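Here are the chains, one letter per residue:
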Amino acid sequence: MSKKIDSALKDLIKALKKHADVASERHISLKRSQRATAKVRAAASAYAAAVHAKSGMGNPFDEVLDPALDDETLQSLSAERDAIARTLTSPIPVQSAAL
């Protein structure tokens, strides 16, 4: 394993353990939970960047879903994402200048 990937993995594991500790407390402090969540997101991004830089692989967290979202919302978001992707791949119409 490359040093950068190994380091990013250790940071991600550490951030996840801290997040789990905070999430399992009896009374969860909003500030502590937000800080722990931000650290997990930053560590996950750093890990994905290190993997991409070394291997060219995509983000392993792309398909991670928010468990708070219901199926209907997830389907709506998927449809919206697909519509945006189709728009981006279609040619952009050229408009003439107003006279």
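Please read these numbers as outputs of a predicted model, since none were measured by experiment.

**Q** Got a sec to walk through the nonpolar core? Specific residues and values, please.
**A** One recurring pattern in soluble globular proteins: nonpolar side chains tend to sit buried together. Counting 10 residues, the largest nonpolar core consists of I5, A8, L12, A15, V40, A43, A44, Y47, A50 and V51. Top contributing element to this core by residue count: helix 2 (residues 30-55), with 6 residues. Apart from residues lying up to four places away in sequence, A50 is in contact with K4, I5 and A8.

**Q** I'd love a proper account of the packing of helix 1 (residues 3-23) against helix 2, names of residues and values included.
**A** One way to put it is that helix 1 packs onto helix 2 with a least axis distance of 8 Å and a crossing angle of 160°. Between helix 1 and helix 2, the interaxial angle falls into the category roughly antiparallel. Considering how the two elements wind past one another, helix 1 and helix 2 form a crossing that is left-handed. Looking at the contact of helix 1 with helix 2 residue by residue, the class counts come to 15 nonpolar, 3 polar and 6 charged.

**Q** I'd love a proper account of helix 2, names of residues and values included.
**A** In an α-helix there are 3.6 residues to a turn, and that puts residues three or four apart on one side. An ideal rise of 1.5 Å per residue puts 38 Å on 26 residues; helix 2 measures up with 37 Å between its terminal C-alpha atoms. Burial in helix 2 covers these residues: A36, V40, A43, A44, Y47, A48, A50 and V51. Of the surrounding elements, those touching the buried residues of helix 2 are helix 1. Remark: G56 follows helix 2 within two positions and exhibits a positive phi of approximately 80°.

Rules of the game
- Residues numbered from 1 in each chain as written.
- Predicted model: local features only at pLDDT ≥ 70, side-chain atom pairs only at ≥ 80, totals over all residues.
- Heavy atoms only, no water.
- Core = buried A, V, L, I, M, F, W, Y, C linked by side-chain atoms within 4.5 Å.
- Buried < 20%, exposed > 50% of the residue type's maximum accessible area, 1.4 Å probe, protein only.
- Helix = DSSP H or I, 4+ residues; strand = E, 2+ residues; numbered from the N terminus.
- Contact = heavy atoms within 4.5 Å.
- Axes fitted to C-alpha atoms, helices over the stretch in contact; angles between N-to-C directions.
- Parallel < 35°, antiparallel > 145°, perpendicular 65-115°, else oblique.
- Left-handed = near helix turned anticlockwise from the far one by under 90°.
- Nonpolar A, V, L, I, M, F, W, Y, C, P; charged D, E, K, R; others polar.
- Expected span 1.5 Å × (residues − 1).

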